[in-house]
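# Results of the structural survey
So the chains spell out like this:
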Amino acid sequence: MRILVTGSNGLLGQKLVVALREDPEVELIATSRGADRTPAPLGDRYRSLDITLAAEVDAVFDATRPEVVIHTAAMTNVDACELDPAACQLQNVVATEHLVRAAKRLNAHFIHLSTDFIFDGKNGPYREEDAPAPLSIYGHSKLDSELLVMNAGLERWAIARTIIVYGIAEGLSRSNVVLWAKSALEKGEPIKVVDDQWRMPTLAEDLADGCIRIAKCGATGIFNLSGPDGMNILELVQRVGAFFHLDTSVVTPVKSDSLGQPAERPPRTGFVLDKARRELGYAPRGFEAGLAVLKEQLS
């Protein structure tokens, strides 16, 4: 099975590469912008690709002829998207359109990563069939890209929605909330943490596993792929502190609107995971079990 991964230098992309590169059932094609930054160089299995350029997308797809595309690349900094809607539209919607068109031409199974931010957070946790109502430019861009995938006339497509992905990977341009919390608590400096945003954080390895399960069983439709444990961000930071034996007395709870962030966040998301468990055998680790994976990798 020839699987092309976009965004292979990102957190999820690197976890997919680790899982797929030694899989005897898979011929991996890893793509990302610039040079290969995965821990062990992939050689001719890596292609530099700017997915915002239709000609580059077509050239790579024609050269590699993937049977499955796992599209992880996106502009995910919610505030940056709010401040630069044009860049967000280009990277999250236009680029997806290029990829979908190429995948359709080759009759490839297209697996698209999406987010809990397509919801307004008034009625979480959400099922796959619940009606979206995004609050931010980022949320709108991801919903628009979902609709592109659904309505493109692809023979096989899947959308994998996820929440706060955390983990460790090489050379990432951005951290994630778990690593940020650990680092901030280790420094012992005062930090403000919101207590009015409720999420279900997702270990990157578990998300990669869910995506691979979709690919290998040829699943179609929408799937919720998050961690199983719900908590607000304050509790998340406190649980990170407890796990790594760090002092959390430096943490001050605050409300979201006190931070003056450009983008509005949904207050309560979370996912019902019944469909992914039933149809894919998806079995994500609990939060502390995920932190144990992190701890082992850090050591």
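Before reading further, recall that the structure is shown in the block above.
Worth saying up front: this structure is predicted, and the values here are computed from it rather than measured.

What follows deals with helix α5 (residues 137-150). A rise of 1.5 Å per residue sets the reference length of α5, with its 14 residues, at 20 Å; its end C-alpha atoms lie 20 Å apart and thus fit the reference within 8%. Three or more residues of α5 are buried, namely Y138, G139, S141, K142, L143, S145, E146 and V149. Where α5 is buried, its residues touch α3 (78-83), α4 (85-106), β5 (109-115) and β6 (157-162).

With that settled, the discussion passes to the sheet that holds strand β2 (residues 27-32). Sheet architecture is open: seven strands sit in the order β3-β2-β1-β4-β5-β6-β11, paired in parallel fashion. On the outer flanks of this sheet lie β3 (46-48) and β11 (221-224), each paired with one strand and no other. If you compare each strand with its neighbour and ignore which way they point, the axes differ by 20 degrees on average. Most of the contacts of α5 go to β5, to which it runs at about 160 degrees, and overall it touches β5, β6 and β11. Set on the sheet, helix α7 (residues 204-216) makes contact with β1 (2-6), β4 (68-71), β5, β6 and β11; between it and β5 the angle comes to about 150 degrees.

What follows is about the packing of aromatic side chains. Evaluated as defined, the whole model comprises four aromatic pairs. Between F117 and Y138 the ring centres are 6.2 Å apart and the planes differ by 65 degrees, which places this aromatic pair in the edge-to-face class. Here Y138 lies in helix α5 and F117 lies in the loop between β5 and α5, a separation of 21 residues in the sequence. On the basis of relative accessibility, which here comes to 7%, the residue Y138 falls in the buried class. Measuring from centroid to centroid gives 5.0 Å for F243 and F244, while their planes differ by 80 degrees, and the two rings are edge-to-face. Lying over the aromatic face of F244, K182 brings its terminal NZ or CZ to 5.2 Å of the ring centre. The ring of F223 has K275 lying over it, and the distance from NZ or CZ to the ring centre is 4.5 Å.

Moving on, we get to the pairing of β5. Burial analysis of β5 places seven of its seven residues in the buried class, which makes it a mostly covered element. Residue alternation in β5 divides its side chains into two sets, H109, I111, L113 and T115 and F110, H112 and S114, and both sets are buried. Direction of pairing for β4 relative to β5: parallel, over a ladder of four bridges. Each bridged residue has a counterpart across the sheet, and for I70 the counterpart in β5 is I111. Where β5 and β6 come together, six bridges link them in parallel fashion. Looking at the pairing, F110 lines up with W157 of β6. For the segment spanning β5, α5 and β6, crossover handedness is right-handed.

Let us now look at the environment of L234. Looking at the secondary structure, you find L234 in helix α8 (residues 233-243). Separated by 59 residues in sequence, L234 and S175 place their C-alpha atoms 18 Å apart.

Moving on to the nonpolar core. The nonpolar side chains of a soluble globular protein tend to be buried, and buried together. Counting 38 residues, the largest nonpolar core has L16, I214 and L225 as the members making the most contacts within it. When contributions to this core are tallied by element, the ones reaching two or more residues are β1, α1 (11-20), β2, β4, β5, β6, α7 and α9 (274-280). The greatest single-element share of this core, amounting to six residues, is contributed by α7. Of all hydrophobic cores here, the second largest spans 24 residues; its members include L185, I191, L203 and F287.

Here α1 crosses α7 at 65 degrees, and the two axes come no closer than 9 Å. By crossing handedness, the relation of α1 to α7 is classed as right-handed. Touching L11, L12, K15, L16, A19 and L20 of α1 are A204, E205, L207, A208, C211 and I212, all from α7. Taken together, the residues of the contact of α1 with α7 sort by class into 10 nonpolar, no polar and two charged.

Here is what the cut-offs are and how they apply
- Residues numbered from 1 in each chain as written.
- Predicted model: local features only at pLDDT ≥ 70, side-chain atom pairs only at ≥ 80, totals over all residues.
- Heavy atoms only, no water.
- Helix = DSSP H or I, 4+ residues; strand = E, 2+ residues; numbered from the N terminus.
- Expected span 1.5 Å × (residues − 1).
- Buried < 20%, exposed > 50% of the residue type's maximum accessible area, 1.4 Å probe, protein only.
- Contact = heavy atoms within 4.5 Å.
- Pairing = 2+ DSSP bridges.
- Axes fitted to C-alpha atoms, helices over the stretch in contact; angles between N-to-C directions.
- Phe/Tyr/Trp six-rings, centres within 6.5 Å; stacked < 30°, edge-to-face > 60°.
- Lys NZ or Arg CZ within 6 Å of the ring centre and 35° of its normal.
- Right-handed = clockwise from strand over helix to strand, strands pointing away.
- Core = buried A, V, L, I, M, F, W, Y, C linked by side-chain atoms within 4.5 Å.
- Left-handed = near helix turned anticlockwise from the far one by under 90°.
- Nonpolar A, V, L, I, M, F, W, Y, C, P; charged D, E, K, R; others polar.

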